[in-house]
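Residue-level structural notes
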There are 2 protein chains.
Amino acid sequence: MKISFRRTPIQLLMTVGALFNASSYASAQSLSDVQIPPEPLVLKAQGSFYIGGERVAQTRDELGNLGPDGHITVNQMYVRYMVPQAVDEKLPVVMVHGATLTGKSWETTPDGRMGWDEYFVRNGHPVYVPDQVGRGRSGFNQAIFNNVRAGSAAPTKQPEWFRFSDEGVWPNFRFGPKPGEPFSDSQFPLAAVDELSKQAVPDMSRGLPTPTPTIKALSDLSAQLKGAVLMGHSQSGSFPLEAALIDSTVTKALVLVEPGSCPSYTDDQVKKLAAVPLLVVFGDHRDNPTGLPTYPTWQERFERCQALIARLKAIDGEAEMLDPVTRGIRGNSHMMMQDKNSLQIADLILQWLSKRTSDEGEGEQ
Amino acid sequence: MKISFRRTPIQLLMTVGALFNASSYASAQSLSDVQIPPEPLVLKAQGSFYIGGERVAQTRDELGNLGPDGHITVNQMYVRYMVPQAVDEKLPVVMVHGATLTGKSWETTPDGRMGWDEYFVRNGHPVYVPDQVGRGRSGFNQAIFNNVRAGSAAPTKQPEWFRFSDEGVWPNFRFGPKPGEPFSDSQFPLAAVDELSKQAVPDMSRGLPTPTPTIKALSDLSAQLKGAVLMGHSQSGSFPLEAALIDSTVTKALVLVEPGSCPSYTDDQVKKLAAVPLLVVFGDHRDNPTGLPTYPTWQERFERCQALIARLKAIDGEAEMLDPVTRGIRGNSHMMMQDKNSLQIADLILQWLSKRTSDEGEGEQ
C-alpha cells in the first residue's frame, strides 16, 4: 500500500458559533467552543449500520408492557463510518471506546477540537466508530430489569451499572494526583473537564454474555471490510487482540491505546498474534494511584504490555511500545485522543501504521 | 433567505462493499447493502457536542462500586452535526427520533440508502441529530437501578424499560395488518425489516423527570444556533411544539413527522404557537389498529393534529397538514424517513421549508 499523507492545516481555526454570531454564545460553552477546520471535509460516503445481534423471544412483561409479546434483537453493535474521497485509500481503522463511554470519545474533543475520527479520515483512512454492545446506540437486553421490577426475579440478578465519579476520574485518567489538582504538565484540556463528564453513560458490561459480543462483532466487521486496523482504548484495549485470535487474517494491525490489560496469553495464542503488527500506546504519570482500590496502576499495566511485546518480538512479531515520554512528550493522560496534543499522538500512530502496512507489501487496497 | 436547491442525483448508486469487493459479502447484509452516492459529500464541519445536563452527587453503591463516591452528570443531550460547505447556507434542522429508537433513525436506512440527515445537508441545511435524554449516547441516571439491586430501594421504584416486539411493530408502524403480511403498496423496505429491529434500544423515558429534559435541551440548542427548524418523530412529535412554547423566537419552523400526539393546548398557547410555521406529516393506512391496546389509531392522532392546525389557521398561523395520500402517494409507513420513497417525502418537506422560511423574509442567514 502506497502511503502519502495529506497534511491538514489545523492551526487556523474558527468556531461553528462564528458561522452565526459568536458573541451571543456566552452561556453556551459546548456549542460555542466547537471549532471548524479551515478546509472542508470531502467524503466519498458516510453513514451507519449494525453488525451482529441475536433475535430473542420476550414476554409482554419483559418488553415493558407497551405492546404484545414477541421477538426483539439484542447484542447488536452500532457502527458509524466516514470514507474519505481519497485517491489512494488506506486501510480502514475501527476505533473502539472504553468503559462508561461511547463512540463519542473519538469525535469532537471536550474543548471543541477535531477528534481522531475526522483526523484519520483527513489522512486517508476510512474510519468506523462503533458503540460497544450494551451501550450508546447498541442497546442491551432489558428483560432482567423488568423481571426484577415485576417481582419475578431477585434484585441481585440484575447487573450493576457503573460510572466513574468526576472525582474518581482525576487520578484514574491521570489529570492530576487529586481531584482539582492537575499535574503541571497535564495535556488534558481541563477547562473543559465538565464536558468529558457529559460523555459518560452507565456501563452494564458486567451483565453482558462473556466474552462481550463486541469482540466477535469487531472480527466480523474486519472480515466484511476485507481487512481493518483495530484500535481499542482502556476497557476495550484488549479487544483488538481478542479479535485477532478469532481471525488474524482480517486484522491488519492492532493499536492499543492505554489498554486496561494485556492478557497473559498461551504460547499458541502469542504465535497467532505475532502475525499481526501491534502498537501499544501509554500516557504519562503512570505511577499515579488509580483511585480504584485493588486495581493495578497504569505503570503495572504498561509493564504487562511490555511483557507481551517482548514475547511477540522473541518470535519475530512486529510489536512496539509507543511511550511518548521517551520522546520528550510529557503529560499525556488516559484520554490522549482528547489531550491538547491529541493530533501529535495521532501523527505518531499514523506514521507507525504507514510503515507497518507498507512493510506488509499489500497493494490490493 | 434565498433558497436554491442543489439537487443531488441519487439514481446511480454503488455499494460501499464495491469499494473493496462486493462479491465476497454474501453473509454480511448490513454492510454490503450500504450504498454510497455518486457525488462526494463536502462538509464545512462535522462533529458532536452535548447540551444541558445536571451534576448530581452519588454514593459508591449508586455508582456501581467501581470507584469512590462523588459527582456525575446526568440528563445531558448528545448532538451530532454536519454543516454543508454551501454558499447560501440555510436554516439548521434538528431531527429528533421516536420511542425505543436513537438518532440512528435519520441516518442510513435499514436497506442502506442515504438517510434524511445527509439528504438535508446535501440540500444546504446544517443538520443536528440528538439522542433523546435517557437513550443512546445521552445516557441516563442509573442510581435507582443500583439501589434496587443493593436492596436499599423497592423493585417497583425502578422504571420499566420498554421495547416494541418485532411483531408489534408491523401493525403499529403500519407495514401491514399483521406481522409478515405487508400492505400491497407498503413503502417500507421490508426485506431489511430485521435491520430496523437492530436500531431499537430499551426506552426508560417513564423514569425521566417530567417533562423530559430533551425539550428544554432542544430549546437551548435552537437558541445557541440562533434559530433552527425542529423536526420530531412519533414519541418526540410534540417536542417541537413544546420547545416553541418555551421560546418561539428561536424555533423558526416546526415539522412533526407522524407525531404521537398533538396536545390540546390552551388558547394562549395556540396564540404563541401561531408565530411559528408548522408542518405535520402522516403516512398511509392510518386506520390500521396499532396493536397497542388502549392506544389511539394513527387516524385519531391525525385528526387531533388537523384540529390543532385548524385552530392555528383560525388566528392566521401558517400551519399545514402534509398527507401524501391526497397527492397520490400511497403506502407510506410510520418510518417514512426510511421508506423506499423517503427522499420524495423529504423533498416535499424541503419545498415547504423553502417557501415558509422565504415568506418570513429572513435574510440574516
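So, how was this worked out
- Along each chain, numbering runs from 1 in the same order as the chain's sequence is written.
- Both sets of labels track the order of writing: A upward for chains, 1 upward for ligands.
- Per-residue local features are limited, in this predicted model, to residues with pLDDT of at least 70; the limit for side-chain atom pairs, both in listing and counting, is 80 or more; totals at the level of whole chains, interfaces and linings are taken over all residues.
- Hydrogen atoms and water are omitted, and side-chain values are computed over all heavy atoms in the structure.
- Note that a disulfide, as used here, is simply two cysteine sulfur atoms within 2.5 Å.
- A run of H or I in DSSP counts as a helix once it spans at least four residues, and a run of E counts as a strand once it spans at least two, with each numbered from the N terminus.
- Each residue is placed in one exposure class: buried if its accessible area under a 1.4 Å probe, protein chains only, is under 20% of its type's maximum, exposed if it is over 50%, and partly exposed if it falls in between.
- Contact criterion: two residues are considered in contact whenever any of their non-hydrogen atoms come within 4.5 Å of each other.
- Buried area: the accessible area, evaluated with a 1.4 Å probe, that two parts lose upon being put together, summed over both parts.
- For this document, the term salt bridge refers to a Lys or Arg side-chain nitrogen within 4 Å of an Asp or Glu carboxyl oxygen.
- We define a polar contact as two N or O atoms separated by no more than 3.5 Å, with the added condition that, inside protein, one atom must be a possible hydrogen donor and the other a possible acceptor, whereas residues neighbouring each other in sequence contribute only through side-chain atom pairs.
- Residues are grouped as follows: nonpolar covers Ala, Val, Leu, Ile, Met, Phe, Trp, Tyr, Cys and Pro; charged covers Asp, Glu, Lys and Arg; every other residue, Gly included, is treated as polar.
- Put simply, buried Ala, Val, Leu, Ile, Met, Phe, Trp, Tyr and Cys residues joined by side-chain atoms within 4.5 Å make one nonpolar core.
- Axis definition: a line fitted to C-alpha atoms, over the contacting stretch in the case of helices. Angles run 0 to 180 degrees between N-to-C directions.
- Should an angle lie under 35 degrees it is considered roughly parallel, over 145 roughly antiparallel, and from 65 to 115 roughly perpendicular; all remaining angles are considered oblique.
- Handedness of a crossing follows from how the near helix is turned relative to the far one, being left-handed for an anticlockwise turn of less than a right angle and right-handed for a clockwise one.
- Confidence scores here are pLDDT values: one per residue, from the predictor, ranging 0 to 100.
- The copies were overlaid with a least-squares fit restricted to C-alpha atoms from residues scoring a pLDDT of at least 70 in each copy.

Attention now goes to the state of the cysteines. Residues and elements named next belong to chain A. Tallying each qualifying case throughout the model produces two disulfides over all chains. Put simply, Cys-262 and Cys-305 are joined by a disulfide, and their sulfur atoms are 2.1 Å apart. With the S-S dihedral at roughly 95 degrees, the linkage between Cys-262 and Cys-305 falls on the right-handed side. Here Cys-305 lies in helix α10 (residues 298–314) and Cys-262 lies in the loop between β8 (251–257) and α9 (267–273), a separation of 43 residues in the sequence. Per residue, the accessibility class of Cys-262 equals that of Cys-305, and both read buried.

Let us now look at the interface of chain B and chain A. In this assembly, 99 residues from chain B lie in contact with 99 residues from chain A. In total, about 8400 Å² of surface goes out of reach between chain B and chain A, with carbon and sulfur atoms giving 53% of it. Counting across the interface, chain B meets chain A through 10 salt bridges. Across the pair Glu-107 of chain B and Arg-80 of chain A runs a salt bridge whose closest N-O atoms are separated by 3.3 Å. Counting the contacts that link chain B with chain A gives 49 residue pairs in polar contact (both at pLDDT 80 or more). Broken down by element, the side of chain B that touches chain A gets its largest block of residues, 12 residues, from strand β3 (residues 41–58) of chain B. Each residue belonging to the side of chain B that touches chain A can be placed in one class, and the counts come to 44 nonpolar, 33 polar and 22 charged.

So, about the nonpolar core. If you look at the biggest cluster of nonpolar residues, it comprises 100 residues, and the most contacted ones within it are Leu-221 and Leu-278 of chain A together with Leu-221 and Leu-278 of chain B. Excluding its chain neighbours within four sequence positions, the residues that come into contact with Leu-278 of chain B are Leu-241, Leu-254, Leu-256, Leu-308, Ile-309, Leu-312, Glu-318, Ala-319, Glu-320 and Trp-352 of chain B. Grouped together as the second largest cluster of nonpolar side chains are 95 residues, Leu-66, Met-114 and Ile-349 of chain A together with Ala-253 of chain B included.

Further remarks concern the environment of Arg-330 of chain B. All names here are of chain B. Tracing the backbone through its elements, the reader meets Arg-330 in the loop between β10 (319–322) and α11 (342–359). Relative accessible area serves as the criterion here: at 41%, Arg-330 is assigned to the partly exposed category. When the C-alpha positions of Arg-330 and Asn-341 are compared, they lie 10.0 Å apart, and in sequence the two are 11 residues distant. Leave out the neighbours within four places in its chain, and Arg-330 touches Asp-185, Gln-187, Asp-284 and Val-325.

In this section: the packing of helix α7 (residues 213–224) of chain B against helix α8 (residues 239–246) of chain B. Residue and element names in this part refer to chain B. The contact between α7 and α8 brings their axes to 9 Å, and the two run at 60 degrees. Regarding the angle of α7 to α8, the classification is oblique. Between α7 and α8 lies a crossing whose hand is right-handed. Packed against α7, whose contacting residues are Thr-214, Ile-215, Lys-216, Leu-218 and Ser-219, the element α8 presents Phe-239, Glu-242, Ala-243 and Ile-246 at the interface. Split by residue class, the contact of α7 with α8 holds five nonpolar, two polar and two charged.

Right, let's talk about α8 of chain B for a bit. All names here are of chain B. Within α8, six of the eight residues are buried, which leaves it mostly tucked inside the rest of the structure. Burial in α8 covers these residues: Phe-239, Pro-240, Leu-241, Ala-243, Ala-244 and Leu-245. Residues of α8 that are buried in the fold lie against α7, β7 (228–234), β8 (251–259), α9 (267–273), β9 (278–281) and α10 (298–314).

So, about the pattern of salt bridges. For the coordinates displayed, the defined rule picks out 34 salt bridges over all chains. The residue Glu-318 of chain B makes a salt bridge to Arg-356 of chain B at a minimum N-O spacing of 2.6 Å. With Glu-318 of chain B in the loop between α10 and β10 and Arg-356 of chain B in helix α11, this pair connects stretches of sequence that are 38 residues apart. A cluster of three or more residues bridged by salt bridges with shared partners is formed by Arg-80 and Arg-137 of chain A together with Glu-107, Asp-117 and Asp-131 of chain B.

Predicted coordinates in regions of low pLDDT should not be interpreted in detail. Residue and element names in this part refer to chain A. For chain A, per-residue confidence averages 90 on the pLDDT scale, and residues scoring 70 or more make up 90% of the total. In the predicted structure, residues 1–28 sits below a pLDDT of 50 and forms 74 contacts with residues beyond four places in sequence or in another chain. Predicted complex metrics record ipTM = 0.91 and pTM = 0.92.

Moving on to the relation of the copies chain B and chain A. Structural alignment of chain B on chain A gives an RMSD of 0.0 Å, achieved by rotating through 180 degrees and translating 0.0 Å along the axis. Each copy turns onto its partner about a two-fold axis. It is Gly-136 of chain B whose C-alpha, among those of chain B, lies nearest the rotation axis, at 1.9 Å. A share of 100% of interface residues in chain B that are also interface residues in chain A marks the association as one of identical surfaces.

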